[in-house]
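Commentary on secondary and tertiary structure
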Amino acid sequence: SAVISQKPSRDICQRGTSLTIQCQVDSQVTMMFWYRQQPGQSLTLIATANQGSEATYESGFVIDKFPISRPNLTFSTLTVSNMSPEDSSIYLCSVVSFSYEQYFGPGTRLTVT
Amino acid sequence: AQSVTQPDIHITVSEGASLELRCNYSYGATPYLFWYVQSPGQGLQLLLKYFSGDTLVQGIKGFEAEFKRSQSSFNLRKPSVHWSDAAEYFCAANYGGSQGNLIFGKGTKLSVKP
């Protein structure tokens, strides 16, 4: 299994500001995903982070709001831009192993005031 | 659209009792199926998975799940629940193979009575 770390683990941010979340994996992986889990809800895919190309966004999520970088096979960042209270969620990155198992980071708990 | 349904939002069982959590996936090509557990304030931990073959799969922490194609179901079971099993359980499906992301059910919250 992959070991995934995320920074920060939690943050409280003011409306209108931006936060960048980092995801580091202990091995090279092809597929990395970013999910959002709103309070009391299930997980929703934001985008797939592709190394060497633009991220692929799901319906309802746009690059201007959630820019993603994937500079190499072990690291990715997700930025939540121009935040509003509705962005208060847990943001999780995940990776897919060669055996198609998907592993998740511990999450970043974001509160927007 | 592809979807995963967990019909039970909240289940309460007594410690030592058996447990079954239901999960249905949208019919069509059989996806890869997974069960995850999320304890309060924690990330998601993979309990078990089904790709193909034997329809009864064993996982960690004494959990098992049975795949039933005829019912498009992948129910999670445990013969004797422990208080530490109290958590949120998510069923998820990958319809895209090596390129696919997970589609999650809404989750079932398990409470355990002493």
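Right, let's walk through the structure included here. This one's a predicted model, so the numbers in the text were calculated from it and none came from an experiment.

**Topic: the pattern of salt bridges**
Residue and element names in this part refer to chain A. According to the stated counting rule, one finds six salt bridges over all chains in the structure shown. Ionic pairing is found between D87 and K65, a salt bridge with its closest N-O pair at 2.6 Å. Here D87, found in the loop between β8 (75-80) and β9 (89-96), pairs with K65, found in the loop between β6 (56-57) and β7 (68-72); they are 22 residues apart in sequence, far enough to count as distant.

**Considerations on the interface of chain B and chain A**
Counting from both sides, the interface comprises 19 residues of chain B and, opposite them, 19 residues of chain A. For the chain B and chain A pair, buried surface summed over both sides reaches about 1,500 Å², with 59% attributable to carbon and sulfur atoms. Where chain B meets chain A, there are one salt bridge. Two residues, K49 of chain B and E101 of chain A, come together in a salt bridge whose shortest N-O distance is 2.4 Å. Our count for the contact surface shared by chain B and chain A stands at five residue pairs in polar contact (both at pLDDT 80 or more). Elements represented by at least two residues in the side of chain B that touches chain A include exactly β5 (32-38) and β6 (44-50) of chain B. Ranked by the residues each element gives to the side of chain B that touches chain A, the list is headed by β5 of chain B, at four residues. Looking at the side of chain B that touches chain A residue by residue, the classes come out as nine nonpolar, eight polar and two charged.

**Description of the nonpolar core**
Ranked by internal contacts, the top residues of the largest apolar core, which has 44 residues, are W34 and F104 of chain A together with Y36 and F104 of chain B. Top element by residues in this core is β9 of chain A. It accounts for six residues. With residues up to four places along the chain from it excluded, the contact list for F104 of chain B reads Y35, S42, L43 and F104 of chain A together with V4, Y36, L44, F90, C91 and A92 of chain B. Grouped together as the second largest cluster of nonpolar side chains are 26 residues, L21, V57, F74 and A93 of chain B included.

**What to know about the packing of aromatic side chains**
Describing an aromatic ring pair means giving the distance of the ring centres and the angle of the ring planes. Taken as a whole and assessed by the stated rule, the structure comprises 16 aromatic pairs over all chains. With 5.4 Å between their ring centres and 55° between their planes, Y35 of chain A and F104 of chain A make a pair best called tilted. One end of the pair, Y35 of chain A, is in strand β4 (residues 32-37); the other, F104 of chain A, is in strand β10 (residues 102-104), and 69 residues separate them in sequence. Judged by its relative accessible area of 10%, F104 of chain A is buried. Their ring planes at 45° and their centres at 6.0 Å tell us that Y36 of chain B and F104 of chain B sit as a pair that is tilted. A residue pair is termed long-range when its members are at least 10 positions apart, and Y36 of chain B in strand β5 and F104 of chain B in strand β11 (residues 103-104) qualify at 68 residues. Pair check on accessibility: Y36 of chain B and F104 of chain B agree, each one buried. Here a set of aromatic residues connected by ring pairs shows up, and it is made of F33, Y35 and F104 of chain A together with Y32, F34, Y36, F51, F90 and F104 of chain B.

**A look at the state of the cysteines**
Residues and elements named next belong to chain A. Summed over all chains, the structure comprises two disulfides over all chains. One disulfide in the model links C23 with C93; its S-S distance is 2.0 Å. The S-S bond linking C23 to C93 shows a torsion near 70°; that makes this disulfide right-handed. Here C23 is found in strand β3 (residues 19-25), whereas its partner C93 is found in strand β9, with 70 residues between them in sequence. Here C23 matches C93 in class, with each residue buried.

Parameters and conventions
- Numbers given for residues are sequential positions, taken from 1 along each chain in its written order.
- Here every chain gets a letter starting at A, and every ligand a number starting at 1, in the order they are written.
- In view of the model being predicted, local features appear only for residues whose pLDDT reaches at least 70, and side-chain atom pairs are presented and counted only at 80 or more, with totals across whole chains, interfaces and linings using the full set of residues.
- With hydrogens and water set aside, each side-chain value is computed from the structure's full complement of heavy atoms.
- Salt bridge, as used here: a side-chain nitrogen of Lys or Arg that lies within 4 Å of a carboxyl oxygen of Asp or Glu.
- Secondary structure elements follow DSSP: runs of H or I of four or more residues count as helices, runs of E of two or more count as strands, with numbering from the N terminus.
- Pairs of residues are marked as contacts when any of their non-hydrogen atoms sit within 4.5 Å.
- By convention, the term buried area covers the 1.4 Å-probe accessible surface removed from two parts as they join, with the contributions of both added.
- Two N or O atoms count as a polar contact when they lie within 3.5 Å, although within protein this holds only if one can serve as hydrogen donor and the other as acceptor, and sequence-adjacent residues are included solely when both atoms are side-chain atoms.
- Gly is placed with the polar residues, together with every amino acid not listed as nonpolar (Ala, Val, Leu, Ile, Met, Phe, Trp, Tyr, Cys and Pro) or charged (Asp, Glu, Lys and Arg).
- Here the nonpolar core consists of buried residues drawn from Ala, Val, Leu, Ile, Met, Phe, Trp, Tyr and Cys, with membership extended through side-chain atoms lying within 4.5 Å.
- Between buried and exposed lies partly exposed: a residue is buried under 20% and exposed over 50% of the maximum accessible area for its type, with that area taken using a 1.4 Å probe on protein chains only.
- Pairing of aromatic rings covers Phe, Tyr and the six-membered ring of Trp, with a centre-to-centre limit of 6.5 Å; geometry is then stacked below 30 degrees between planes, edge-to-face above 60, and tilted otherwise.
- Note that a disulfide, as used here, is simply two cysteine sulfur atoms within 2.5 Å.

Everything listed here is a matter of coordinates, which is why it stays silent on function.
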